[in-house]
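A closer look at the structure
Chain residues, written in single-letter form:
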Amino acid sequence: MTDRSSLHAHEVQAIAERIRTLAANGERAHIEKGGVHHFVPLPKDPRFAGRTVDVSSLNRVLEIDVEKRLAVAEPGVTFAELARATLAHGLLPIVVPELEGITVGGAIAGCSVESMSYRHGGFHDTSLEYEIVSGAGEVLTCSREQNPLAFEMIHGSYGTLGVLTRATFRLVPAKPYVHMTYVRHTSFADFERELRAHCAQGDYDFIDAIIHSRDALVLCLGRFADTPPYTSSYRHLEIFYKSTLARREDYLTTEDYCFRYDTECHWLTATFPPLEWKPVRWLLGKRLLGSTNLIRASGTLAPLLALKRRPDVVCDVFIPARRFGEFWEWYSRDFDFFPLWVVPYRVPAMYPWIGPEHAARMHDELFIDCAIYGKPNGDPSVDWSERLEEKTYELGGIKTLISRNHYSEERFWSIYHRANYDAVKRQLDPRGVFPGLYEKLHKVG
Ligand SMILES: Cc1cc2nc3c(=O)[nH]c(=O)nc-3n(C[C@H](O)[C@H](O)[C@H](O)COP(=O)(O)OP(=O)(O)OC[C@H]3O[C@@H](n4cnc5c(N)ncnc54)[C@H](O)[C@@H]3O)c2cc1C
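Residues numbered from 1 in each chain as written. Predicted model: local features only at pLDDT ≥ 70, side-chain atom pairs only at ≥ 80, totals over all residues. Heavy atoms only, no water.

Pairing is antiparallel across the open sheet formed by 8 strands, whose spatial order is β12-β9-β11-β10-β14-β15-β13-β16. Among the strands making up the open sheet, the edge pair consists of β12 (249-253) and β16 (398-399). For strand β14 (residues 340-346) and strand β15 (residues 366-375), the ladder comprises 6 bridges, and the chain directions are antiparallel. Bridge pairing in β15 places valine 342 opposite cysteine 370. Set on the sheet, helix α14 (residues 384-394) makes contact with β13 (313-320), β15 and β16; between it and β13 the angle comes to about 10°. (Pairing = 2+ DSSP bridges. Helix = DSSP H or I, 4+ residues; strand = E, 2+ residues; numbered from the N terminus. Contact = heavy atoms within 4.5 Å. Axes fitted to C-alpha atoms, helices over the stretch in contact; angles between N-to-C directions.)

Below is the structure:
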């Protein structure tokens, strides 16, 4: 047993002991993973209610098997650390969420999407095995063969079923650079046609898009490359999302490509315009920019932000590809917020956490993730977070639960698979050390 794995085993036993004590005392708890949370801060946040189960020490890459192209990591490893560790071997995780501080555990228990998702789905879909500490303080292993329902239901469980303590997942060969091609469309129909064509052909390693306005829809198509004529950096003065409108092609190191949206946290810097000014970036960029700095800053400003009627809308909605046109019609006419990040996402098989009724309405293998980062929501006459949730439901889609949720319990469990969730909850957390999924994510409307 390596030092790392014996240290791992020791710390997992301590976490299990902690949970057994909490269960015996009938106490409630939440998981503290360290670092920043990629949740939209809410006043009196119920998601962090109760005692703490601290798993912040579980932040190591335990193994990289170059031959088998597999990695084993603890949940607190950030994707910045993971990408750096695997790229040193010419390998990369298949789905690398773009913000450096997102962790392996959060990408599995929460959600994850990136520009290889058009082929592979989310990070969970590239995973093979999980070690979990249950709400009863037992340490168990699950995979698609062993405890398959628990394996599937930990995905998107938002820390309500147990603590993920180790994950084994696949890697792909990676070249040191990425060559980007930007195709600009002025009509949605042409844009959608070409997006769907590339997803079907699979002729690029990376496919996503940025819709800058109703008539500036840019496909961002990437291929691994060995020898670039030059490389661009968007880590300080230059702004990545703007470059996709100004350029026809570009070259980035693969690491910079993975975190191309990190400096602006997509385009959250646009909500505070001085952060896009070069002199300000030159002077303070290193301290202020970058998703972790920006999210920390918004945390510090939370009391101020709480004065807002509602937080800005930050949410991903996954729309069945065959209904993307309908979504666009509503979005461009009513919701009207740009830039919009667009990522095609293939669901390898219907997730067991989606209820049968909703799965029948989804009825598609390809989804279009439409990600909104920062739509103001202060108008007393309309709650855009609620409207977005309603439209997504109407079109048979799914939204991420990282911000405000407005579902009635009945509607929620018509979307999510109650029987499967309850079965795994009874198995893993019979005494309810962790809150239920609906309860944890709905207390504050
Ligand atoms: C501004 C913003 C931008 C985003 N951009 C992207 C993006 O570009 N790509 C993308 O894929 N996603 C993106 N997301 C979504 C983000 O990936 C998810 O919210 C993800 O779940 C965050 O993971 P985290 O590591 O930060 O964990 P946290 O936010 O801290 O936690 C997420 C959930 O996972 C649970 N959890 C964490 N660790 C464990 C564990 N060890 N065991 C059990 N449960 C655990 C927590 O309880 C929580 O419910 C974005 C989110 C925000 C707010």
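Enumeration according to the criterion identifies 5 cavities of 30 Å³ or more in this entry. Of the volumes computed, that of the largest cavity is approximately 270 Å³. If you trace the largest cavity, you find 20 residues lining it, with Phe318, Tyr345, Tyr351, Trp353 and Ile398 closest to the centre. Looking at the lining of the largest cavity, its residues break down into 14 nonpolar, 5 polar and 1 charged. Among the domains, domain 1 (3-174) and domain 2 (308-428) are the pair contributing at least three residues each to the lining of the largest cavity. For the second largest cavity, the calculated volume is near 60 Å³. (1 Å grid on protein atoms, 1.4 Å probe; cavity = no way out; pocket = protein on both sides within 12 Å on 5 of 7 lines; lining within 4 Å. Points joined across faces, edges and corners; volume = space filled by probe spheres on them. Nonpolar A, V, L, I, M, F, W, Y, C, P; charged D, E, K, R; others polar. Domains from an automatic or database assignment.)

This brings us to helix α16 (residues 418-428). If you check which residues of α16 are buried, you get Asn420, Tyr421, Val424, Lys425 and Leu428. The buried residues of α16 occupy one face: seen down the axis, they fall within an arc of 130°. Facing away from the buried side of α16, by more than 90 degrees, are the exposed residues Ala419 and Arg426. If you follow the buried residues of α16, they end up packed against β6 (127-134), β7 (139-143), α5 (148-153), α15 (409-415) and α17 (437-442). (Buried < 20%, exposed > 50% of the residue type's maximum accessible area, 1.4 Å probe, protein only. Arc of directions from axis to C-beta.)

With that settled, consider the pattern of salt bridges. Scanning all chains against the criterion turns up 36 salt bridges. Across the pair glutamate 389 and lysine 399 runs a salt bridge whose closest N-O atoms are separated by 2.9 Å. Note that glutamate 389 is positioned in helix α14 and lysine 399 in strand β16, a separation of 10 residues in sequence. (Salt bridge = Lys/Arg side-chain N within 4 Å of Asp/Glu carboxyl O.)

As a further point, take the site of the ligand. The full set close to the ligand counts 32 residues, and His37, His38, Glu98, Thr103 and Val113 are the nearest of them. Separating a nitrogen atom of the ligand from a side-chain N or O atom of tyrosine 373 is a distance of 3.2 Å. With respect to the ligand, the side chain of lysine 440 contributes an N or O atom lying 3.3 Å from an oxygen atom. Surface burial for the ligand is 97%, taken as the share of its 960 Å² of free accessible area covered by protein chains. (Near = heavy atom within 4 Å. Polar contact = N/O pair within 3.5 Å; in protein donor to acceptor, adjacent residues only side chain to side chain. Areas by Shrake-Rupley, 256 points an atom, 1.4 Å probe, with all protein chains shown as cover.)

This paragraph deals with the domain arrangement of the protein chain. Under the domain assignment, the protein chain is made up of domain 1 (3-174) and domain 2 (308-428). A straight line from the C-alpha centre of domain 1 to that of domain 2 covers 23 Å. Contacts between the two partners involve 31 residues from domain 1, matched on the other side by 28 residues from domain 2. The junction of domain 1 with domain 2 conceals about 2500 Å² of combined surface from both sides, 68% of it contributed by carbon and sulfur atoms. On the domain 1 side of the contact with domain 2, Val40, Met153 and Leu161 bury the most area, a combined 23% of that side's loss. At the junction of domain 1 with domain 2, the criterion picks out 0 salt bridges. Where domain 1 touches domain 2, the interface holds 15 residue pairs in polar contact (both at pLDDT 80 or more). Elements with a minimum of two residues in the side of domain 1 that touches domain 2: α4 (117-120) and α5. A class-by-class count of the residues in the side of domain 1 that touches domain 2 yields 13 nonpolar, 12 polar and 6 charged. (Buried area = accessible area lost by both parts, 1.4 Å probe.)

Right, let's get into the packing of aromatic side chains. Aromatic ring pairs: the centre-centre distance and the angle between the two ring planes describe each pair. The final tally for this structure, using the stated rule, is 34 aromatic pairs. When the centroid spacing of 5.9 Å and the interplanar angle of 15° are considered together, the rings of tryptophan 353 and tyrosine 416 count as stacked. Of this pair, tryptophan 353 sits in the loop between β14 and α13 (356-362) while tyrosine 416 sits in the loop between α15 and α16, and the two are 63 residues apart along the sequence. Ring pairing ties together the aromatic residues Phe188, Phe191, Phe324, Phe327, Trp328, Trp330, Tyr331, Phe335, Phe338 and Trp384, which thus form one cluster. Positioned over the ring face of phenylalanine 335 is lysine 375, at 5.0 Å from the centre of the ring. Here the guanidinium or amino end of arginine 411 rests over the ring plane of tyrosine 393, the centre of that ring lying 3.6 Å away. (Phe/Tyr/Trp six-rings, centres within 6.5 Å; stacked < 30°, edge-to-face > 60°. Lys NZ or Arg CZ within 6 Å of the ring centre and 35° of its normal.)

In this fold, isoleucine 94 is placed in the loop between β5 (91-93) and α3 (104-109). Since its relative accessible area comes to 3%, isoleucine 94 is described here as buried. Sequence spacing of isoleucine 94 and leucine 70 is 24 residues, and the spatial spacing of their C-alpha atoms is 11 Å. In this structure, isoleucine 94 is in contact with Met116, His120, Thr126, Arg170, Leu171 and Val172, ignoring residues within four places of it in sequence.

Glancing now at a nonpolar patch on the surface. On the surface, Trp282, Leu283, Leu284 and Leu288 cluster together into a nonpolar patch covering about 430 Å² of accessible area. Along the chain, leucine 284 turns up in helix α9 (residues 278-288). Relative accessible area serves as the criterion here: at 33%, leucine 284 is assigned to the partly exposed category. (Patch = residues over 30% accessible without salt bridge, like charges linked within 9 Å, V, L, I, M, F, W, Y side chains within 5 Å.)

Side chains of residues three or four places apart in an α-helix project in the same direction, reflecting 3.6 residues per turn. Among the residues of α14, Trp384, Ser385, Leu388, Glu389, Lys391, Thr392 and Tyr393 are the ones counted as buried. Its buried side turned inward, α14 meets β13, α12 (324-335), α13, β15, β16 and α15. Where α14 begins, the capping side chain belongs to aspartate 383, and its oxygen is found 3.0 Å from the backbone nitrogen of serine 385.

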